[in-house]
Amino acid sequence: MPVAALRTLAKPQNGVGAFILQCKRLDFHYCDWAGSSRGMVDFIKRDLAKFAKQNPQIEITISPRPHRHPVIKGHYINGMDKPVCVRNMARAEIMEKANLLRNASGEKLKRVNKPVTSLNESVRGIWSPFHGAKIQI
């Protein structure tokens, strides 16, 4: 008599099968007049086209905000927003912040109690240096 296997359905997890980038839109706000936006204006003129070409899955919007500091705002598929002020930053630093927002998940920062997060608990338990052979201390 053959044994029938139980059919299990896989839970969808990001990174298993296909990766979906969590960032859906980046807004770049700057001021034409203020000195704190010099790096942002330079970034928009020189590096933003290359950044947009490398990330076609992200919608990029640019809007001037007179008399305000420059801000990059990331919008994520879970509905959250993350604004980052890039006041008085150079082009390279603004590129780092844009990459940081692109790679972020949109979740709020939370304290990590365990260094490894897994859906499956360990079968073998927690390792201790006192397991195994008798250790002389």
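Predicted, not measured: the structure shown is a model, and the values here were computed from it. (Residues numbered from 1 in each chain as written. Predicted model: local features only at pLDDT ≥ 70, side-chain atom pairs only at ≥ 80, totals over all residues. Heavy atoms only, no water.)

## Remarks on the packing of helix H1 (residues 38-46) against helix H3 (residues 91-103)
In a packed pair of helices, the relevant descriptors are the angle between the two axes and the axis-to-axis distance.
And step 1. Contact geometry of H1 with H3 gives a least axis separation of 8 Å together with a crossing angle of 75 degrees. Looking at the two axes, H1 sits roughly perpendicular to H3. For the pair H1 and H3, contact is made by Gly 39, Met 40, Asp 42, Phe 43 and Arg 46 and by Arg 91, Ile 94 and Met 95, respectively.
And step 2. Its residues assigned to classes, the contact of H1 with H3 comprises 4 nonpolar, 1 polar and 3 charged. (Axes fitted to C-alpha atoms, helices over the stretch in contact; angles between N-to-C directions. Helix = DSSP H or I, 4+ residues; strand = E, 2+ residues; numbered from the N terminus. Parallel < 35°, antiparallel > 145°, perpendicular 65-115°, else oblique. Contact = heavy atoms within 4.5 Å. Nonpolar A, V, L, I, M, F, W, Y, C, P; charged D, E, K, R; others polar.)

## Some thoughts on the environment of Gly 79
And step 1. By secondary structure assignment, the location of Gly 79 is in the loop between strand E3 (71-76) and strand E4 (81-85).
And step 2. Residues Gly 79 and Glu 107 lie 28 residues apart in sequence; the distance between their C-alpha atoms is 9.5 Å.

## Concerning the pattern of salt bridges
And step 1. For the structure on display, the rule yields 4 salt bridges.
And step 2. The closest approach of N and O atoms between Asp 27 and Arg 25, which form a salt bridge, is 3.2 Å.
And step 3. Asp 27 sits in the buried class, given a relative accessible area of 8%.
And step 4. For Asp 47, the salt bridge is made with Arg 91, and the minimal N-O distance between the two is 2.9 Å. Of this pair, Asp 47 sits in the loop between H1 and helix H2 (48-54) while Arg 91 sits in helix H3, placing them 44 residues apart in sequence.
And step 5. For Asp 47, a relative accessible area of 11% gives the class buried.
And step 6. Its relative accessible area of 27% is what places Arg 91 among the partly exposed residues.
And step 7. One salt-bridge network, in which partners are shared between bridges, spans Asp 42, Arg 46, Asp 47 and Arg 91. (Salt bridge = Lys/Arg side-chain N within 4 Å of Asp/Glu carboxyl O. Buried < 20%, exposed > 50% of the residue type's maximum accessible area, 1.4 Å probe, protein only.)

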